[in-house]
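Per-entry structural report
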Amino acid sequence: MTPADLSRTVVRAVRCAVEDGELPADAVVPDRVVVERTRPGGVGEYATPVAFQVARSARRAPGEVAAVLARRLEVADGIERVEISGAGFLNFVLRKRSVADLLREIHAQGIRYGCAPDPDPDPDPDHAPDRERERDRDLAPVPAPRAEVRARVVRDALLRIAATQGSTPNATEPVPSTVPTPDTAPNIAPVPAREGDVGARFGVDAAAWAMLAVAPHESPVFAERLLAQDESNEFFRVRYAHSRARALTRNAAQLGFESLPEEFQSLPGEVVGENALLRVLAEHPLALEAAAYHRAPERLVRQLVELADALLDFQYRVLPQGDEKPSAAHRSRLAVAEAAGTVLAGGLTLLGMDAPERL
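Model, not experiment: these values are computed from the prediction.

1. A look at the packing of helix α4 (residues 99–109) against helix α10 (residues 274–293)
The geometry of α4 relative to α10 is characterised by a closest axis approach of 11 Å and an angle of 55° between their N-to-C directions. One finds that α4 runs oblique with respect to α10. Considering the relative orientation of α4 and α10, their crossing is left-handed. In contact with V99, L102 and I106 of α4, α10 contributes L278, L281 and A282. Residues of the contact of α4 with α10, tallied by class, amount to 6 nonpolar, no polar and no charged.

Pasting the structure below:
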C-alpha cells in the first residue's frame, strides 16, 4: 500500500462506517483525507486528523470517531498496525512493500506513476486507445485565457496536477472548483515588473520553474543561478538527473545488459544511496496528491529536487566498475535508476517543462 492508497482507504472506511450505522447517517464523508509523514518522535509512519474532520458533523468526540475507524482500518490490506494518539489522531504502520513491486508499478505506469486510479474503469478493451488519449490529454498543457504570465503558469500546472487525482479538465469544460484560476485566485503573486521579460532572460522552462518553486502567494525569485549549469541550480539538477538516468540506460546497453525491474535482487541499503532513492520513489504518489489537495505546485517541485539529488548520489553505483562483469545486482540498480528517471519525466511534464534525454 502506498501513502496515497492509505488516504483513499481511510475515506472508504469513513464511508462504510456511515453506511453501516457506526457513525450517524448525516456525518460528512470527506472527499479526501490528509495523510502525512509522522513527525519525529511521533507514533507510526503516517498520521491523519480525519477523526477531527468527521467529529463535528457526527456529533461525537474525535476519540470516539477514531476508535470506530481504527477497528475497520486495522484489518485493511496493506496496514500493519493502527494506533490512536492524542485526542483522536490515527497513526499507521504500513506493511512493507517489496522493492520489486514498487519498480514493477513504476515500469507499468510510466510517467503516470502516482496518479489516482481510474474511478470508473471501462472493461471494454476496444476503448483502451480512447482512454490512453484522454490520459495523455490530462497531462498536456491546458489552454488558458490570456492573463498575467505567472497566473497562467500556476493555473496550468495546478490543472495538470489536479488531473492526476481524478479531475479531467479541458478547454471546453468549466475549471474544477478545487483549482484556482486567475479570476478566482487573486493570491497568485505576479512576476514583479522590475524583472521584465523573464522568459527571454532565463528561458521559458527555467522562468516557469522559478514561478512554481515558491507558494503561489509568494513573489518568485529570478536569480542568476537559474542560468547556471551546475549543482547550485535546482532546475538544472532535476533535468540533469533525468538525462543521467537515460544515459545509464544507453551505457548499460553498450555493456550488453538491461534492467530487470521484475527480478529485483539487490537488498535496500546494500548499495550506498539506495535506501534514500527508494524512499523518495515510494512517497511520490503522496507528494503528488498533497500538491493537488493543497493547490501547491511547489510541493511537487521540492519532491523532484529531492528525487534528483538522491538519484545523482546513487548513479555511480549502477554500472560495473573496472573489471566487474554485469550482474543481476547491476540490472536491479539500473531498474531503480530508470524508475527515478521516469518519475522525474512525469513530474517535469506536470509542471509543463521539457525532460531532456541528453544535457
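2. A look at the pattern of salt bridges
Applying the stated criterion across every chain, the model contains 18 salt bridges. For R71, the salt bridge is made with E22, and the minimal N-O distance between the two is 3.7 Å. With R71 in helix α3 (residues 62–73) and E22 in the loop between α1 (3–19) and β1 (36–37), this residue pair connects regions lying 49 residues apart in the sequence. Look at E22 and you get partly exposed, because its relative accessible area is 27%. Two residues, R72 and E22, come together in a salt bridge whose shortest N-O distance is 2.7 Å.

3. A look at the side chain of R32
Looking at the element boundaries, R32 is found in the loop between α1 and β1. With sequence-adjacent residues up to four places away left out, R32 is seen in contact with S7, V11, Q53, E289, A290 and Y293.

4. Examining the nonpolar core
Counting residues in each nonpolar core, the largest one holds 63 residues, and the members touching the most others are W209, F222, L277 and L281. Listed by contribution, the elements that provide at least two residues to this core are α4, α6 (149–163), α7 (198–202), α8 (204–212), α9 (234–254), α10, α11 (297–314) and α12 (328–350). A per-element tally of this core places α12 first, with 11 residues. Non-local contacts of W209, meaning those with residues more than four positions away in its chain, are made with L226, E234, F235, V238, V301, V305, L348, L351 and M353.

5. A look at helix α2 (residues 50–58)
Inspection of α2 places V50, A51, V54, A55, S57 and A58 among the buried residues, and these make up the whole buried set. If you follow the buried residues of α2, they end up packed against α1, β2 (46–48), α3 and β4 (89–94). Just downstream of α2 lies R59, where phi reads positive at about 55°.

6. A few points about the environment of H107
Residue placement: H107 occurs in helix α4. Separated by 236 residues in the primary sequence, H107 and V343 place their C-alpha atoms 9.8 Å from one another.

7. Points about the confidence of the model for the protein chain
The predicted model of the protein chain averages 83 in pLDDT, with 82% of residues at 70 or higher. For the protein chain, per-element mean pLDDT is lowest for helix α5 (residues 128–138), which scores 47, and highest for α9, which scores 97. A low-confidence stretch, residues 119–123 (pLDDT under 50), is modelled with 2 contacts involving residues beyond four sequence positions or located in other chains. A low-confidence stretch, residues 168–186 (pLDDT under 50), is modelled with 28 contacts involving residues beyond four sequence positions or located in other chains.

8. Description of the sheet that holds strand β3 (residues 79–85)
Taken in spatial order, the 4 strands of this open sheet run β1-β2-β4-β3, and their pairing is antiparallel. Each end of this open sheet is capped by a strand with a single partner; those strands are β1 and β3. Packed on one face of the sheet, α1 meets β2, β3 and β4 and runs near 135° to β4. Along the sheet, α3 makes contact with β3 and β4, crossing β3 at roughly 170°.

Each value, and the rule that gives it
- Residues numbered from 1 in each chain as written.
- Predicted model: local features only at pLDDT ≥ 70, side-chain atom pairs only at ≥ 80, totals over all residues.
- Heavy atoms only, no water.
- Axes fitted to C-alpha atoms, helices over the stretch in contact; angles between N-to-C directions.
- Helix = DSSP H or I, 4+ residues; strand = E, 2+ residues; numbered from the N terminus.
- Parallel < 35°, antiparallel > 145°, perpendicular 65-115°, else oblique.
- Left-handed = near helix turned anticlockwise from the far one by under 90°.
- Contact = heavy atoms within 4.5 Å.
- Nonpolar A, V, L, I, M, F, W, Y, C, P; charged D, E, K, R; others polar.
- Salt bridge = Lys/Arg side-chain N within 4 Å of Asp/Glu carboxyl O.
- Buried < 20%, exposed > 50% of the residue type's maximum accessible area, 1.4 Å probe, protein only.
- Core = buried A, V, L, I, M, F, W, Y, C linked by side-chain atoms within 4.5 Å.
- pLDDT = per-residue confidence, 0-100.
- Pairing = 2+ DSSP bridges.

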